[in-house]
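# Residue-level structural notes
If you want the building blocks of each chain, they are given just below.
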Amino acid sequence: MDTLYIKKSDIAVWWAAIKGACDHVVAPVRKDRVVEFARVENYEEIATDYVQTTRSAKEVLFPRTERLFSYQKNGRDIEVKDFDPQSVPVQVLWQVRPCDAASVFPLDAVFNWDYKDVMYNTRRERTTIVAVSCSTADEYCFCTSVGGGAGDTRGSDILLTYTTDGAIVEVVTERGEKLVALSQNLFTAYTAGDKDSYLASVPQVFDVEKLKEKMHGMFDSTVWKEQSERCLGCGACAYVCPTCSCFDIQENPKGSCGERLRCWDSCGFAQFTLHTSGHNPRSTQASRWRQRLMHKFSYIPQRQDSLGCTGCGRCSRACPVDMNIKEHLSSIDKIQ
Amino acid sequence: MCNCKDKNIYLPYMMQVEKVTVEAPGVKTLRLKFKNEEEGNAFEFRAGQFAEYSAIGDGECTFCIASPSTRKGYVECTFRQAGRVTSSLAKLEEGDTMGFRGPFGNYFPMEEWKGKNLLFIAGGIALPPMRSVIWTALDEREKYGDVTIVYGAKTVADLVYKHELKEWEDREDVTLITTVDPGGETPDWKGKVGFVPTVVGESPINAENTVAIVCGPPVMIKFTFPVLEKLGFDKKNIYTTLENRMKCGVGKCGRCNVGKMYVCKDGPVFSAVDLAELPDDF
């Protein structure tokens, strides 16, 4: 891994070269009171005054609604039109937080165990992730409790750490090298010590290894009911989460033609598991809350060597009844 | 990791409806043939595996493949008309086109059952998943010992595969016990009256060297397992197939997740030992 340096004034020049070399750059943009990822045409549009975007960047790899195939009915015959990998743009995801970059691990895992998901893999292959270390954090952030950190490179192709007069550029992957090669002359070797002094402090609030072990035996605990008493089941937590990957499959017919779509879904919804017979394995909000936490901290780690959480804190920021996952996990950690 | 030449796992095979059979009020069997002959020739499955059947324009439904793996060239599904997709599937006529994705999931370990007695226990619309296994066993009858089928439905009219029940009843190498729930009998009903777990408990069943395959609504499974254990069955010789709500069928969409297991990947076939390890979340 190369560690390079780029001057502040050169970053926009490099950015323009990147913009010219791909179909789209997706970066955080301020829209009134929120900052969201959007396609950006000019470097100046990119937001800088924020801790975290409201939604995660996962929709670049796993869109909210995605066509699985389209069809045309001709009498009693049906012609299907497959997904075309060439329709997926070559994108650079610019200025995500390390917690968003780390979310590719659980996403890669679920979309590739046994069956390969060609839509996800095509988007993933055509997306280069440029992350930026966090210089600020808020009370909802807990990346350091789930194995991440304000300057963590995992999942990034390149990690930038802004200094007073430029940025330290850690080139993590070959995809990252290709972006640097676009403006090789703008970079110099970086030797001026580590990046820690430029990073936000995110205190660790629990030991995730112990938490995983403890949760393993907590299926019948009363804690799920206690924690979820005020849960509205609105699904906002899953919607903003960078690792939630559950989806629904729906039809969108228009006369004799149409398409089959997949759309984000949430284990927090009662209908998620409802059988046709009326039987619902998870008929209470408490059982759905338990599923959310146990899936992320017990089931995924048991199957995929990854956690289902990167500590971004978005679910807590988005929750309309102020359920704070960091507090809930800490309280589970403290149960004797 | 990525090979963009990978097949789109959500793209169904196009199938032609070859035959429609009305099994019971609201219950139909569709026999499907691959429209593309090459795909049909390459298609293989094992008894117990499931598939996603689609009425294009209305959506997909999950059912076990109801035809035996020993018969090539077609697949069958049996379903009760209940919602949007099954209503749309029920409207299909011979010659119509529909979608099919599969086979998915694991299968019954029939190789391990060679030389053993087979006891099939099914309730209501749960006979179709078992029918695949029953016919696969009967097509290779010499491999197994005694074959006993206990099948119950709410009423006499609700019994599915009536012509096949007759066939099994007439066979000397099959013992068929049919039952209907109290109140579901007709004046000329010659089978038993009572719930499946009770009927199983009262039947002359020898657990020795026998594998029990149970399929039915969750409540039937819950009450049948203890009866079998009382009859002397070891948990490892009791199998069932779970019917969780599913969408993708390939371990992605998340809704059939129970504990660390995904019913679509790790199931749908589970032994009673596997089930005992799952949290009570199915």
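Before any of the text, the structure's been laid out above.
This one's a predicted model, so the numbers in the text were calculated from it and none came from an experiment.

## A closer look at helix α6 (residues 218-230) of chain B
Residues and elements named next belong to chain B.
- Taking 1.5 Å of rise per residue, 13 residues should cover 18 Å, and α6 covers 19 Å from first to last C-alpha, within 8% of that figure.
- Where α6 is concerned, the buried positions are M220, I221, T224, F225, V227 and L228.
- Looking at the buried side of α6, the elements it contacts are β7 (117-123), α5 (196-202), β11 (210-215), β12 (238-241) and α8 (272-277).
- Taken from the residues just after α6, G232 is the one with a positive phi, measuring 105 degrees.

## Describing the packing of aromatic side chains
- Using the criterion set out here, one finds 27 aromatic pairs over all chains in the structure.
- Measuring from ring centre to ring centre gives 6.4 Å for Y13(B) and F100(B), while their planes differ by 25 degrees; the resulting arrangement is stacked. Here the residue Y13(B) occupies a position in strand β1 (residues 13-24), and F100(B) occupies one in strand β6 (residues 97-104), the gap between them amounting to 87 residues.
- The class for F100(B) is buried, based on a relative accessible area of 0%.
- An angle of 65 degrees between the planes, with centres 5.3 Å apart, marks the rings of Y53(B) and F100(B) as edge-to-face. Here the residue Y53(B) occupies a position in strand β3 (residues 50-55), and F100(B) occupies one in strand β6, the gap between them amounting to 47 residues. By the burial criterion, Y53(B) is buried, and F100(B) matches it.
- Members of the aromatic cluster, joined through ring pairs, are Y13(B), F34(B), F43(B), F45(B), Y53(B), F63(B), F79(B) and F100(B).
- The ring of Y50(A) has R97(A) lying over it, and the distance from NZ or CZ to the ring centre is 4.8 Å.

## Comments concerning the side chain of E60(B)
- Locating E60(B) in the fold gives a position in strand β4 (residues 59-64).
- At 3.1 Å, the side chain of E60(B) forms a polar contact with the side chain of R260(A).
- For E60(B), the contacting residues outside a window of four places in its chain are I249(A), R260(A), E52(B), Y53(B), S54(B), V85(B), R101(B) and K247(B).

## Some details on the environment of K334(A)
All names here are of chain A.
- Checked against the element boundaries, K334 lands in helix α11 (residues 325-334).
- According to the relative accessible area criterion, K334 is exposed, its value standing at 57%.
- Note: C-alpha distance between K334 and D23 (311 residues apart in sequence) is 49 Å.

The rules behind each value
- Residues numbered from 1 in each chain as written.
- Chains lettered and ligands numbered in written order.
- Predicted model: local features only at pLDDT ≥ 70, side-chain atom pairs only at ≥ 80, totals over all residues.
- Heavy atoms only, no water.
- Helix = DSSP H or I, 4+ residues; strand = E, 2+ residues; numbered from the N terminus.
- Expected span 1.5 Å × (residues − 1).
- Buried < 20%, exposed > 50% of the residue type's maximum accessible area, 1.4 Å probe, protein only.
- Contact = heavy atoms within 4.5 Å.
- Phe/Tyr/Trp six-rings, centres within 6.5 Å; stacked < 30°, edge-to-face > 60°.
- Lys NZ or Arg CZ within 6 Å of the ring centre and 35° of its normal.
- Polar contact = N/O pair within 3.5 Å; in protein donor to acceptor, adjacent residues only side chain to side chain.

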